[in-house]
Amino acid sequence: EIFPLPMDEDMLSKIPWDTRKVDRQWNRGPRFFRYVLHVQQPADGFLALDGFKKGFACINGFNLGRYWEVGPQRSLYIPGPV
């Protein structure tokens, strides 16, 4: 049986965000990571997925898409206004 994972603001505020660096190893299981990036001039860009296994990426509440190490995505497009 499949259960959806609610991703609204209330639920996201309750997640124990993982603060470990991405180069560390961890046991099998889901993880949530949060990163902060400040830019002077917002512009279109790409999120490189090298080393990422399987999951999805959001920026400022905007779902960029899903990825899986077997492809076909190698990067996800980030529109400048996001």
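Figured I'd write up the structure that's included with this text. Predicted model only: the values in this text are computed from it and were never measured.

Quick look at the packing of aromatic side chains now. Applying the stated criterion across every chain, the model contains two aromatic pairs. Here Phe52 and Tyr67 contribute two aromatic rings whose centre-to-centre distance is 5.4 Å and whose plane-to-plane angle is 80°, an arrangement assigned as edge-to-face. Of the two residues, Phe52 is situated in the loop between strand S1 (45-48) and strand S2 (54-59) and Tyr67 in strand S3 (residues 62-68); the sequence distance between them amounts to 15 residues. For Phe52, a relative accessible area of 33% corresponds to the partly exposed category. Sitting over the face of the ring of Trp68, Lys54 holds its NZ or CZ atom 4.5 Å from the ring centroid.

The next point concerns the environment of Pro79. With respect to the helices, strands and loops of the structure, Pro79 is situated in the segment after strand S4 (75-78). Remark: the alpha-carbon pair of Pro79 and Pro42, spanning 37 residues in sequence, is separated by 9.0 Å. Ignoring any residue separated from it by four or fewer positions in sequence, one finds Pro79 in contact with Asp44, Phe62 and Leu64.

Counting residues in hydrophobic clusters, the biggest one holds six residues: Leu49, Ala57, Leu64, Tyr67, Leu76 and Ile78. Elements that contribute at least two residues to this core include exactly S3 and S4. In this structure, Ala57 is in contact with Leu47, Phe62, Asn63, Leu64, Gly65, Tyr67 and Leu76, ignoring residues within four places of it in sequence.

Rules used throughout
Residues numbered from 1 in each chain as written. Predicted model: local features only at pLDDT ≥ 70, side-chain atom pairs only at ≥ 80, totals over all residues. Heavy atoms only, no water. Phe/Tyr/Trp six-rings, centres within 6.5 Å; stacked < 30°, edge-to-face > 60°. Helix = DSSP H or I, 4+ residues; strand = E, 2+ residues; numbered from the N terminus. Buried < 20%, exposed > 50% of the residue type's maximum accessible area, 1.4 Å probe, protein only. Lys NZ or Arg CZ within 6 Å of the ring centre and 35° of its normal. Contact = heavy atoms within 4.5 Å. Core = buried A, V, L, I, M, F, W, Y, C linked by side-chain atoms within 4.5 Å.

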